[in-house]
Amino acid sequence: MNEHYVLHVNGRDHEVTDAWLGESLLDVLRERLGLLAAKGACEQGECGSCSVLVDGDLVCSCLVLGAAAVGRAITTVEGLTERGTLTDVQRAYLEAGAVQCGFCTPGLIMATHDLLDRVPEPTEMEIREELAGNVCRCTGYGRIIDAVQQVAVARRTGAGPA
Amino acid sequence: MAVVVPMSLREAVDALAANPGALVLAGGTDAMVEINDGHRRVGHAGSPEVVVAVDRVAELRSWTLDPGGSRLTIGAGVTYTELMEEPLASFVPALAEASRTVGSPQIRNAGTLGGNLGTCSPAGDGLPVLSALDAEVHLAGATGTRTVSVHDFMVGVKQTVLAPGEIITAVTVPLLDGWQGYSKVGVRNAMVIATASACLAVDQPTRSVRIALGSVAPTIVRAPEAESFAAGHVDWGAGHVDPATAGEFGRLAAAAARPIDDHRSSAAYRRHAIDVMARRLLERAFRGADPT
């Protein structure tokens, strides 16, 4: 059975016409709407690479039923900033060397924005606990933690995007 | 439209009355895994044609304290993240502690207490707390509402007394006066399903100690012999427990476990883990009076 509904993604409405009943928001974003930032790996909420905001809450889009997200405000990495520009978190990830293969990066960028919005100056332990749901197989996490701390310092000192 | 998104409990109950075979979807952290895997089918012949997504039902997302301040009713749609926030975290500290061990922030933002009950896995982190507190589970269906003890609600591995067309609306727990906490063993410190878990709750006025065990039986089990032993042997006046009492409490708790060998662990390890966790929980609860 094909579903027909409208999702509000990154500030505008997107018509979904060919999804199936049980299709996850992740698959709808990628396969129906062509928004490829959120990545699919585990499809069971373990890896965090599909993290998006739904009504401001960080969730795994693979565990959200697409058709049940009608009327909610969905934000993906594509909606964080103007196309061609970077947020302070994205810039810090690049400068800290926190991006290697890049597969986990969109999920981590979403999770880092969410963390720093709630906890502006997290300790290393807080960063590790808060980002526990975002798996990275390349970096060993050291440079990811560096990037998060750099953003926290820059925001506190008013340095703005580095 | 085969996905129904009710905004009120009335709408949810009506949708389920019209489609008793519908899949009730709360936070999705269990059900969507099965759908993504193809282990649970929807929209195919012989499977639910309708999904009722209850995550926006206002009544399920709230909590209320009774006028006397002694009992807390938590809506089934309250998330783990919300259970970790004040004032709920102070009302039921063990539930906040258990919630913090659930998955990641992403999972805790979506997963709900009602969903934990609906899935009814013996490893569900909220369930040992509800068992230790003798929670009541409130259900609603087309023919009315009913309330069952959490002990009766859980029938077996992922089996409950929920009837077709019925949903979990809330749980009611007493606010106890005493220490309570949750302990869990898994293969790492984050993002793990419990290999074994335990919730201990003390009620000072009634001088009772409750302990409920997770992942060591088809459902959550209590350890009544350990409970009565502790109640009779801890020093209630000084708030202290001696090592021999704590050790025996651990052994009695482990004796109440009925674990199995499976891909996650062995029965022997699970029993050992319960022994250690129960002892440590009792020692945390009865550290002794503050000398100052």
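Residues numbered from 1 in each chain as written. Chains lettered and ligands numbered in written order. Predicted model: local features only at pLDDT ≥ 70, side-chain atom pairs only at ≥ 80, totals over all residues. Heavy atoms only, no water.

Colleague: Can you lay out the pairing of strand S7 (residues 144–149) of chain B for me, pointing to particular residues and giving the numbers?
Modeller: All names here are of chain B. In terms of strand pairing, strand S6 (residues 136–141) meets S7 through six bridges, oriented antiparallel. In the sheet register, Glu-136 faces S7, and the bridge partner there is Ser-149. The turn linking S6 back onto S7 is made up of two residues. (Pairing = 2+ DSSP bridges. Helix = DSSP H or I, 4+ residues; strand = E, 2+ residues; numbered from the N terminus.)

Colleague: Give me the confidence of the model for chain B: which residues, what numbers.
Modeller: Detailed reading of the predicted coordinates is not advisable wherever pLDDT falls low. Mean pLDDT over chain B: 95, with 98% of residues reaching 70 or higher. Here the prediction assigns the complex a pTM of 0.96, and the interface score ipTM is 0.96. (pLDDT = per-residue confidence, 0-100.)

Colleague: Which residues make up the pattern of salt bridges, and what values go with them?
Modeller: The full count for this structure, using the stated rule, is 25 salt bridges over all chains. When the shortest N-O distance is used, the salt bridge between Arg-72 of chain A and Asp-55 of chain A registers 2.8 Å. Of this pair, Arg-72 of chain A sits in the loop between strand S4 (57–60) and strand S5 (73–75) while Asp-55 of chain A sits in the loop between strand S3 (51–54) and S4, placing them 17 residues apart in sequence. Across the salt bridge formed by Arg-72 of chain A and Asp-55 of chain B, the nearest N and O atoms sit 3.2 Å from each other. On the criterion of chain membership, the pair formed by Arg-72 of chain A in the loop between S4 and S5 and Asp-55 of chain B in the loop between strand S3 (51–53) and strand S4 (63–65) is interchain, its members lying in two chains. Through salt bridges with shared partners, a single network forms among Asp-134, Arg-210, Arg-222 and Glu-227 of chain B. (Salt bridge = Lys/Arg side-chain N within 4 Å of Asp/Glu carboxyl O.)

Colleague: Provide a residue-level description of the interface of chain B and chain A, including the pertinent values.
Modeller: At the junction of the two partners, chain B supplies 30 residues and chain A supplies 34 residues. Surface buried jointly by chain B and chain A totals about 2,500 Å² across both partners, of which 58% is contributed by carbon and sulfur atoms. Its largest share of buried area at the contact with chain A, chain B owes to Arg-56, Gln-106 and Met-191 of chain B, together 24% of the area lost on that side. One can count two salt bridges joining chain B with chain A. Between Glu-129 of chain A and Arg-100 of chain B there is a salt bridge whose closest N-O contact spans 2.7 Å. There are nine residue pairs in polar contact (both at pLDDT 80 or more) connecting chain B and chain A. Among the elements of the structure, helix H2 (31–37), S3 and helix H6 (105–110) of chain B are those that each provide at least two residues to the side of chain B that touches chain A. With five residues, the top contributor of residues to the side of chain B that touches chain A is H6 of chain B. Looking at the side of chain B that touches chain A residue by residue, the classes come out as 17 nonpolar, eight polar and five charged. (Contact = heavy atoms within 4.5 Å. Buried area = accessible area lost by both parts, 1.4 Å probe. Polar contact = N/O pair within 3.5 Å; in protein donor to acceptor, adjacent residues only side chain to side chain. Nonpolar A, V, L, I, M, F, W, Y, C, P; charged D, E, K, R; others polar.)

Colleague: A description of the sheet that holds strand S1 (residues 3–4) of chain B should follow, citing residues and the corresponding values.
Modeller: Residues and elements named next belong to chain B. With parallel pairing, the three strands of this open sheet are ordered in space as S1-S3-S2. Looking at which strands have only one partner, the edges of the open sheet turn out to be S1 and strand S2 (23–25). Here S2 runs beside S3; their pairing, made up of three bridges, is parallel. Bridged to Leu-23 within S3 is Val-51.

Colleague: Break down the sheet that holds strand S11 (residues 180–185) of chain B for me, with residues and values.
Modeller: All names here are of chain B. One open sheet accounts for four strands, arranged S11-S12-S13-S14; its pairing is antiparallel. Only two strands of the sheet have a single neighbouring strand rather than two, namely S11 and strand S14 (221–222). Relative to strand S12 (residues 196–203), S11 runs antiparallel, the two being bridged by six bridges. Paired with Ser-183 across the two strands is Ala-198, which belongs to S12. The strands touched by helix H10 (residues 224–233) are strand S13 (208–214) and S14; relative to S13, the strand with the most contacts, the crossing angle is about 150°. Its contacts with the sheet place helix H11 (residues 243–256) against S12, S13 and S14, and it is angled at close to 45° to S13. (Axes fitted to C-alpha atoms, helices over the stretch in contact; angles between N-to-C directions.)

Colleague: Go over the packing of aromatic side chains, please, and point to the residues and values.
Modeller: Residues and elements named next belong to chain B. This structure, assessed with the given rule, holds two aromatic pairs over all chains. Each ring, one from Trp-236 and one from Phe-286, has its centre 5.3 Å from the other, and the planes form 90°; the classification is edge-to-face. Taken together, the residues Trp-236 in the loop between H10 and H11 and Phe-286 in the segment after helix H12 (267–285) connect sequence positions 50 residues apart. There is no split in this pair, since Trp-236 and Phe-286 are both buried. (Phe/Tyr/Trp six-rings, centres within 6.5 Å; stacked < 30°, edge-to-face > 60°. Buried < 20%, exposed > 50% of the residue type's maximum accessible area, 1.4 Å probe, protein only.)

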